Amino acid sequence: MKRPGPLLTLLAGLVFAVFLLTLNATTGTKSTSNPYGEASPDVSVSATTPPGSTSPSPSLPPSPSPSRSAVPNADYAGRTDDDTSAVAVSLRGGKAIAYFCDGHDKESWLKGAVEDDGTMKLTGSHGDELNGTLQGGKLIRGTADVGGQRYAFTADRAVKPSGLYRATATVRGAKVDGGWIVLPGGRQVGVVERDGTPSAAPSIDPETGAVTIDGQKIIARPVTP
């Protein structure tokens, strides 16, 4: 048998070289898959943040806005619909104190809470009651049940010196308790009790609160809840 010639030998060498080059090119590329199902140490299992950038904050639901009461801190003063008496209401922090008086011998102090919708139900002694509604922060419209009689009233927002005042003192051995409503425009309505006996109150100086009762000077101060 004849031995292969030089040409066949050279051809076989070239084929073998091509096979080796193809094999090196194939094995030189790293496979990213693992046929055994195990995690490759070159594959990161956690998300990374590119250098120079900040990690995005997780999306959170917006915080609810704190509820704000529609009830202002303000004073209101006005007359009853029959023009026989006056009513003043002072609002602070959702609470109210009110004063009703006819300027002669009928009066009543009332207090209570104001709801967020501006409605109020204030109570006083002897079953007295005031029901009102704050309307746009500009006025209070309602009714006052005092001494077994009902009075409808409207009290407008008051700007000092208008508003509600009170003074307590001992004058000539008698306990004095006086209440005053200074209406918008300056008109005053008030009642003073001396040891529980009511009578018309003398006028106060709205700028200072000074008032003279039975020859003695005392100070009436603004009333707030």
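Criteria and cut-off values
- Residues numbered from 1 in each chain as written.
- Predicted model: local features only at pLDDT ≥ 70, side-chain atom pairs only at ≥ 80, totals over all residues.
- Heavy atoms only, no water.
- Helix = DSSP H or I, 4+ residues; strand = E, 2+ residues; numbered from the N terminus.
- Contact = heavy atoms within 4.5 Å.
- Pairing = 2+ DSSP bridges.
- pLDDT = per-residue confidence, 0-100.
- Polar contact = N/O pair within 3.5 Å; in protein donor to acceptor, adjacent residues only side chain to side chain.
- Salt bridge = Lys/Arg side-chain N within 4 Å of Asp/Glu carboxyl O.
- Axes fitted to C-alpha atoms, helices over the stretch in contact; angles between N-to-C directions.
- Core = buried A, V, L, I, M, F, W, Y, C linked by side-chain atoms within 4.5 Å.
- Buried < 20%, exposed > 50% of the residue type's maximum accessible area, 1.4 Å probe, protein only.

A.B. asks: Would you take a moment to explain the environment of Thr208 for this structure?
C.D. replies: Turning to its location among the elements, Thr208 is positioned in the loop between β12 (197-200) and β13 (210-213). Ignoring any residue separated from it by four or fewer positions in sequence, one finds Thr208 in contact with Ile219 and Ala220.

A.B. asks: Would you explain the sheet that holds strand β9 (residues 163-171) in this entry?
C.D. replies: Hydrogen bonds along the backbone pair up the strands of a sheet, which may run parallel or antiparallel. Reading across from one edge, β12-β11-β10-β9-β15 is the order of the 5 strands in this open sheet, with antiparallel pairing throughout. Because the sheet does not close on itself, it has two edges, and the strands there are β12 and β15 (221-222). Across 4 bridges, the pairing between strand β11 (residues 188-194) and β12 is antiparallel. Looking at β12, one finds that Val192 is bridged to Ser199.

A.B. asks: Where do I start with unusual backbone geometry in this structure?
C.D. replies: Among all residues save glycine, negative phi is the norm, and among peptide bonds the norm is trans. Here the amide bond leading from Lys160 into Pro161 is cis, since omega sits at 15 degrees, within 30 degrees of zero. Secondary-structure assignment places Pro161 in the loop between β8 (149-158) and β9. Despite not being glycine, Arg172 shows a phi value in the positive range, around 50 degrees. The residue Arg172 is located in the loop between β9 and β10 (174-182) in this model.

A.B. asks: Got a minute to help me understand the confidence of the model for the protein chain in this structure?
C.D. replies: Close reading of the predicted structure is inappropriate where its pLDDT is low. A residue-level look at the protein chain finds 69% of positions with pLDDT of 70 or above and a mean pLDDT of 82. Confidence drops under a pLDDT of 50 for residues 29-50, and excluding neighbours within four residues, the segment shows 3 contacts in the predicted structure. Counting contacts from residues 63-68, a segment whose pLDDT is below 50, to residues more than four positions away or on other chains yields 0 contacts.

A.B. asks: I would appreciate a short explanation of the side chain of Ser162 in the present structure.
C.D. replies: Tracing the chain through its elements places Ser162 in the loop between β8 and β9. A polar contact of 3.3 Å, which involves the side chain of Ser162, links it to the backbone oxygen of Leu183. Sequence-distant contacts of Ser162, defined by excluding residues within four places in its chain, comprise Val182, Leu183, Pro184 and Gly185.

A.B. asks: Just to check I follow, could you spell out the pattern of salt bridges for this structure?
C.D. replies: Where charged atoms from two side chains of opposite charge approach closely, those side chains can pair. Inspection of the entire model under this criterion finds 6 salt bridges. Notably, a salt bridge pairs Asp145 with Arg150, separated by 2.8 Å at the nearest N-O pair. Ionic pairing is found between Asp214 and Arg194, a salt bridge with its closest N-O pair at 2.9 Å. Of this pair, Asp214 sits in the loop between β13 and β14 (216-219) while Arg194 is found in strand β11, placing the two residues 20 residues apart along the sequence.

A.B. asks: Is there a simple way to explain the sheet that holds β8 in this structure?
C.D. replies: Around the barrel, which closes on itself, the 8 strands sit in the order β1-β2-β3-β4-β5-β6-β7-β8 with antiparallel pairing between neighbours. Neighbour-to-neighbour, the strand axes of this sheet turn through a mean angle of 25 degrees, independent of strand direction. Bridge analysis of strand β4 (residues 107-113) against strand β5 (residues 119-124) gives 2 bridges, and the strand direction is antiparallel. Residue Leu110 lies in a different strand from β5, and its bridge partner there is Gly124.

A.B. asks: Before we go on, may I ask you to explain the pairing of β9 in this structure?
C.D. replies: Side-chain positions along a regular strand alternate between the two faces of the sheet. Sheet topology note: the β9/β10 ladder contains 9 bridges and is antiparallel. The partner of Thr168 across the bridge, within β10, is Asp177. Connecting β9 to the next strand, β10, in antiparallel fashion are 2 residues, including Arg172 with a positive phi near 50 degrees. Summarising the sheet, β9 and β15 pair through 2 bridges and their orientation is antiparallel. In the strand pairing of β15, Tyr165 is matched with Pro222.

A.B. asks: Just to check I follow, could you spell out the nonpolar core for this structure?
C.D. replies: Burial of nonpolar side chains together is a common tendency in soluble globular proteins. By size, the foremost hydrophobic cluster in this structure holds 21 residues, and its most contacted members are Val89, Leu91, Met120, Leu130 and Ile140. When residues of this core are traced back to their parent elements, those giving at least two are β1 (74-80), β2 (86-92), β3 (95-101), β5, β6 (129-135), β7 (139-146) and β8. Contact partners of Val89, with chain neighbours within four places excluded, come to Ala74, Asp75, Tyr76, Ala96, Ile97, Ala98, Met120 and Ile140. Within the second largest apolar cluster, 14 residues are counted, among which are Ala86, Trp109, Ile181 and Leu183.

A.B. asks: Explain the pairing of β4 to me, please; I cannot follow it from the model alone.
C.D. replies: Pairing of β3 with β4, which is carried by 7 bridges, proceeds in the antiparallel orientation. Among the inter-strand pairings, Ile97 is bridged to a residue of β4, identified as Lys111. Between β3 and β4, which follow one another and run antiparallel, lie 5 residues, and Gly103 among them has a positive phi close to 80 degrees. Between β4 and the antiparallel strand that follows it, β5, lie 5 residues; Gly118 among them carries a positive phi value of about 90 degrees.

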